[in-house]
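# Chains, contacts and geometry: an overview
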Amino acid sequence: MLAALLLPTKLGHLTAPVFLRIPVEGICGVAVLLLLGPGGPGRVRRVVPALAGAGLGLMAVLKLLDLGFDAVYKRPFDLVLDWVLLDYGQSFLQDSIGPAGAIGVVIATLALVVLVLGLMTWAAVRLNRVLARHSAAAVGGTLVLGTVWVLCAALGVRNTAVPVAAGSSAEFLQDRVQQVRAGLRDKEEFAREAADDDFADLPADRLLTGLRGKDVIFAFIESYGRSALQDPGIAPQVSALLADADRRLGDAGWSSRSGFLTSPTYGGGSWLAHSTFNSGLWIKNQQRYRTLTSGDRMTLTGAFRKTGAWRTVGIMPGVTRSWPEGKFYGLDHVYDSRSMGYKGPKFSWTPVPDQYSLSAFERLEHGRPGRGPMMAEIMLASSHNPWAPIPRTLGWDEIGDGSVYDSVKEEGEDPEEVWKDPSRVRTEYRRSIEYSLTSLISYVEEYGGENTVLVFLGDHQPVSTVTEDRLGRDVPVTILARDPAVLDRVDGWGWHSGLKPGPDAPVWPMDAFRDRFLSAYGDRPGAASASASASASASASGAERLAGTGTGPRRISCRAARTHVHMWPRGRARVGDRARALPPGLTGRALGPRPDAHAHMPRPRTRRRARSHRTPRSGPDPTGHRVPGTAFRAPPGIVGCACAGRPGTGARVRAEGAAHAGVPGLTRHGRACAGRRAEAQTGCRGAGAVGYARARPARKAATPTAGAPPHRPGGGGGRGGPPPPHPARRVRPVGAPAPVPPPSGAGTHPRPGRPRGPRRTKGP
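Attention in this report is confined to the structure presented alongside it. It should be emphasised that the depicted structure is a prediction, and the values quoted were computed from it without experimental measurement. (Residues numbered from 1 in each chain as written. Predicted model: local features only at pLDDT ≥ 70, side-chain atom pairs only at ≥ 80, totals over all residues. Heavy atoms only, no water.)

## Focus on the overall build of the protein chain
So the rule is basically this: Think of it this way: any DSSP run of H or I at least four residues long counts as a helix, any run of E at least two long counts as a strand, and we number them from the N terminus. Relative accessibility under 20% of the residue-type maximum defines a buried residue, over 50% an exposed one, and the middle range a partly exposed one, all with a 1.4 Å probe and only protein chains included. Here, residues are in contact when the closest pair of their heavy atoms is within 4.5 Å. Residue burial considers only the protein chains on display, and all accessible areas are found by Shrake-Rupley using a 1.4 Å probe.
Counting its regular elements, the protein chain contains 20 helices and 15 strands. Considering the protein chain as a whole, with its 764 residues, one finds that 46% of them fall into the buried category. When contacts within the protein chain are restricted to residue pairs at least 6 apart in sequence, long-range pairs at least 24 apart make up 71% of them. By element, 57% of the accessible surface of the protein chain is carried by carbon and sulfur atoms, the whole surface being about 37,200 Å².

## Regarding the packing of helix 9 (residues 270-279) against helix 10 (residues 286-293)
Under the convention used in this document: Geometry is summarised by axes, namely lines fitted to C-alpha atoms with helices restricted to the contacting stretch, and by angles between N-to-C directions that run from 0 to 180 degrees. We call two directions roughly parallel when the angle between them is under 35 degrees, roughly antiparallel when it is over 145, roughly perpendicular when it lies between 65 and 115, and oblique otherwise. Crossings are classed by handedness, with left-handed meaning an anticlockwise turn of the near helix from the far one by less than a right angle and right-handed meaning a clockwise turn.
At a minimum axis separation of 10 Å, helix 9 and helix 10 run at an interaxial angle of 45 degrees. Judged on the interaxial angle alone, helix 10 and helix 9 are oblique. Seen along the crossing, helix 9 lies across helix 10 with a hand that is left-handed. Judged by residue contacts, W271, L272, S275 and S279 of helix 9 engage Q286, Y289 and L292 from helix 10.

## Topic: the packing of aromatic side chains
Stated formally: In this scheme Phe, Tyr and Trp rings, the latter by its six-membered ring, pair at centre separations within 6.5 Å, and the angle between planes marks the pair as stacked below 30 degrees, edge-to-face above 60, and tilted otherwise. Whether a charge sits over a ring depends on NZ of Lys or CZ of Arg being within 6 Å of the ring centre and within 35 degrees of the ring normal.
Taken as a whole and assessed by the stated rule, the structure comprises 26 aromatic pairs. With a centroid separation of 4.9 Å and 80 degrees between ring planes, the pair formed by F77 and W83 is classed as edge-to-face. Accessibility expressed as a relative area gives 1% for F77, which makes it buried. Ring geometry for F277 and F513: centres 4.7 Å apart, planes at 20 degrees, overall stacked. Of this pair, F277 sits in helix 9 while F513 sits in helix 19 (residues 513-520), and the two are 236 residues apart along the sequence. Taking relative accessible area as the criterion, F513 reaches 0% and is therefore assigned buried. Within the aromatic cluster, the residues linked to one another by ring pairs are F218, F220, F277, F304, W310, W493, W495, W508, F513, F517 and Y521. The ring of F172 has K63 lying over it, and the distance from NZ or CZ to the ring centre is 5.6 Å. Sitting over the face of the ring of W508, R516 holds its NZ or CZ atom 4.2 Å from the ring centroid.

## Section: helix 6 (residues 168-195)
Which entries qualify depends on this criterion: In this analysis, the expected span of each helix is defined as 1.5 Å times one less than the number of residues it contains. What is called the bend at a residue is the angle between a pair of axes, fitted to the seven residues leading up to and ending at it and to the seven starting from it.
The end-to-end C-alpha distance of helix 6, which contains 28 residues, comes to 40 Å, matching closely the 40 Å that a straight helix rising 1.5 Å per residue would cover. The sharpest bend along helix 6 measures roughly 40 degrees and falls at D186. Among all positions of helix 6, only S169, F172, R176, Q179, G183, D186 and F190 are buried.

## Observations concerning the packing of helix 13 (residues 354-366) against helix 16 (residues 422-447)
Packed helices, taken two at a time, are described by the angle between their axes plus the distance between the axes. Keep this limit in mind: The nonpolar class holds Ala, Val, Leu, Ile, Met, Phe, Trp, Tyr, Cys and Pro. Asp, Glu, Lys and Arg form the charged class, and all remaining residues, Gly among them, are polar.
In contact at an axis separation of 9 Å, helix 13 and helix 16 are set at 30 degrees when each is read in the N-to-C sense. Here helix 13 lies roughly parallel to helix 16, going by the angle between them. Classified by chirality, the crossing of helix 16 by helix 13 is right-handed. Between helix 13 and helix 16, the contacting residues are D354, Q355, L358, F361, E362 and H366 on the first element and Y435, S436, S439, L440, Y443 and Y447 on the second. A class-by-class count of the residues in the contact of helix 13 with helix 16 yields six nonpolar, four polar and two charged.

## Focus on the pairing of strand 5 (residues 215-221)
Consecutive residues of a regular strand have side chains that alternate between opposite faces of the sheet. Selection rule: Pairing between strands is defined by DSSP: at least two bridges between them are needed.
Strand 5 sits mainly inside the fold: seven of its seven residues count as buried. Judged by which residues are buried, strand 5 turns out to be covered on both faces: D215, I217, A219 and I221 on one side and V216, F218 and F220 on the other are all buried. Alignment of strand 5 against strand 10 (residues 452-458), held across seven bridges, turns out to be parallel. Looking at strand 10, one finds that F218 is bridged to V455. Taken together, the six bridges between strand 5 and strand 9 (residues 374-380) define a ladder with parallel strand orientation. When the sheet's bridge partners are listed, I217 is paired in strand 9 with A376.

## Considerations on the side chain of T350
On the secondary structure map, T350 appears in the loop between strand 8 (333-336) and helix 13. By relative accessible area, T350 is classed as buried at 4%. Apart from residues lying up to four places away in sequence, T350 is in contact with A381, S382 and H384.

## Considering the environment of L364
Within the secondary structure, L364 sits in helix 13. What makes L364 partly exposed here is its relative accessible area of 24%. For the pair L364 and M340, spaced 24 residues apart in sequence, the C-alpha to C-alpha distance is 8.2 Å. In this view, L364 contacts Y335, S339 and M340; residues no more than four positions away in its chain are not counted.

Next comes the structure, spelled out in structure tokens:
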């Protein structure tokens with residue numbers, strides 16, 4: 001029981017000093033059992049220890065799951081979303097060590113779970129009996145241990161690197177409760193994110209115009225992460241291979257740009273990275289993946305199909321059963337391990353070697369005479385865990401139907417022997433990456449043409465046995481082409497030249513690639529409308545009326561930034577047509593147009609007061625309310641002179657479309673309004689100006705019916721409600737007799753709702 005309370009949830013913390021601590025949960029549990037001693041109710045005294053032992057056993061099982069997930073995925077087990085991964089783990093074992101071995105592992109795991117639950121329950125019941133027999137000594141010992149725990153916690157006493165006063169189990173349970181709540185909310189939150197797609201309504205003739213006529217290949221290299229390029233034990237050989245390939249490709253007229261992407265997964269879960277890259281959404285768990293693939297969001301590969309200018313195909317050697325997700329990704333045809341004509345052996349988990357997959361792609365699709373432009377998504381799986389045995393590179397004319405690999409497999413290593421030594425695991429991982437890179441580069445040299453564009457990247461880092469928990473989740477990404485115009489379009493990205501990105505190369509989240517790629521090689525959504533709106537705003541006067549009445553809307557021209565500012569997550573801004581995913585708490589500063597902004601749009605001035613022009617209006621100004629001391633967080637879909645928010649500004653905004661409740665962008669009474677133009681007041685700071693804003697129409701005064709009684713203070717439609725409008729002024733017709741004055745002393749009512757008595761006079 002003590003070991004279960006002190007068991008850590010990360011492999012790096014699994015050391016001897018961790019178990020030499022005092023758990024506060026154990027002290028509290030013993031105190032509860034003492035309170036339920038011989039004098040307590042009999043049934044409660046028997047049931048509570050058994051339930052406590054079973055709960056402690058379940059907590060121990062969850063901690064063991066966390067240790068396993070930390071070893072593979074570098075994150076804890078999710079009680080809501082990760083159960084499906086256990087089935088994938090069983091499939092991986094079956095492919096790696098065979099059906100019999102996988103069944104043996106499953107049986108042993110279930111037996112371990114039952115054993116842990118039984119032992120913990122038995123231990124708790126036995127402890128209760130011991131405490132009942134020696135209650136006096138147990139009470140004294142509990143008080144002493146409690147005092148020692150308090151002193152150690154107050155003084156910060158540590159046992160090497162860990163505190164002696166332990167409370168990790170309570171924190172563990174609290175984290176799990178929060179994790180379950182977050183998992184239950186995640187589906188609704190992700191549905192809202194997926195509904196916001198800037199490219200969904202973009203016409204097909206404006207998509208990917210910069211790649212028309214090209215053969216575009218997206219190739220994923222399994223487990224190709226930053227460790228392959230920067231780990232001291234792996235990088236020298238891989239870097240030498242890429243440098244030599246750079247030299248050969250440069251001599252042949254090829255150019256390349258490289259950077260890094262941050263993957264949503266680690267050590268496994270390749271499909272999460274593939275869907276993140278294609279959809280432009282952060283797919284971090286299986287629930288999001290299922291929600292995404294059951295919807296209709298446009299993927300990067302689906303954009304090629306939408307244009308009708310490319311045939312789209314998928315080469316999926318790791319797929320061994322039906323794969324309905326191919327339709328979601330917009331692929332006209334999918335070649336899996338059963339349809340590529342492979343007659344050779346299976347290399348551990350990998351059903352088909354990478355070089356054969358590329359050869360099959362050339363034979364079945366790319367090399368067909370008379371074909372049109374093609375987009376292909378290719379998965380290279382030879383670098384998949386367990387990295388043994390590894391095929392060797394063959395001549396392209398030697399591959400045939402793959403039967404030649406029978407003798408090649410005999411030359412490889414046994415995975416069971418490899419995994420007994422972590423250094424051998426790292427060596428075989430390096431060799432597998434070298435094989436995949438060599439196969440891909442050799443294919444480009446052999447079959448690539450003037451119109452070939454290759455984008456290759458990793459899906460995630462390898463497991464911690466290889467990475468040793470270093471270098472994060474980044475994966476390399478490279479664009480390779482012969483046509484200089486292809487790479488000219490991404491010069492503004494800041495990527496490094498060559499096949500290998502440097503340590504300081506730009507790092508993007510993987511979900512940002514889709515939108516940036518589509519923007520670089522096609523039109524940005526709303527670019528035409530943004531240009532027209534900005535031009536109209538520049539030519540019109542700031543005092544120009546948009547309606548003829550005094551209460552109608554008016555134009556406010558913020559000269560500090562007369563453009564539509566497109567806000568990206570993490571605070572970056574570029575010129576676009578609407579606000580999207582503005583970061584919380586953005587202060588009044590815009591980062592100016594990015595290199596892909598319209599040339600005629602001026603750079604916004606930052607950190608300066610945006611001077612606004614408005615025409616005086618009759619009647620009260622409905623936008624005159626000031627909200628002091630609050631930094632605004634502008635909601636998505638802002639249209640108008642919206643301030644990014646500095647304390648004390650007088651700007652108030654309304655979202656066009658759907659404003660979420662509770663997001664500042666407030667009306668006078670603090671409610672977020674949807675479906676109206678943005679409201680703004682002069683004196684807004686920073687940027688976010690969108691040409692003009694429409695003011696809220698003033699509320700029209702209602703004319704009371706004849707005979708309506710005068711209003712009394714505090715009256716109205718309900719308690720605390722607003723007072724009725726002032727009665728309309730009566731106009732005496734020409735020739736009508738003058739009104740009869742009220743009798744003396746009756747008083748007058750110059751204002752409705754404010755009766756006055758007779759006027760006082762001085763004197764005795």
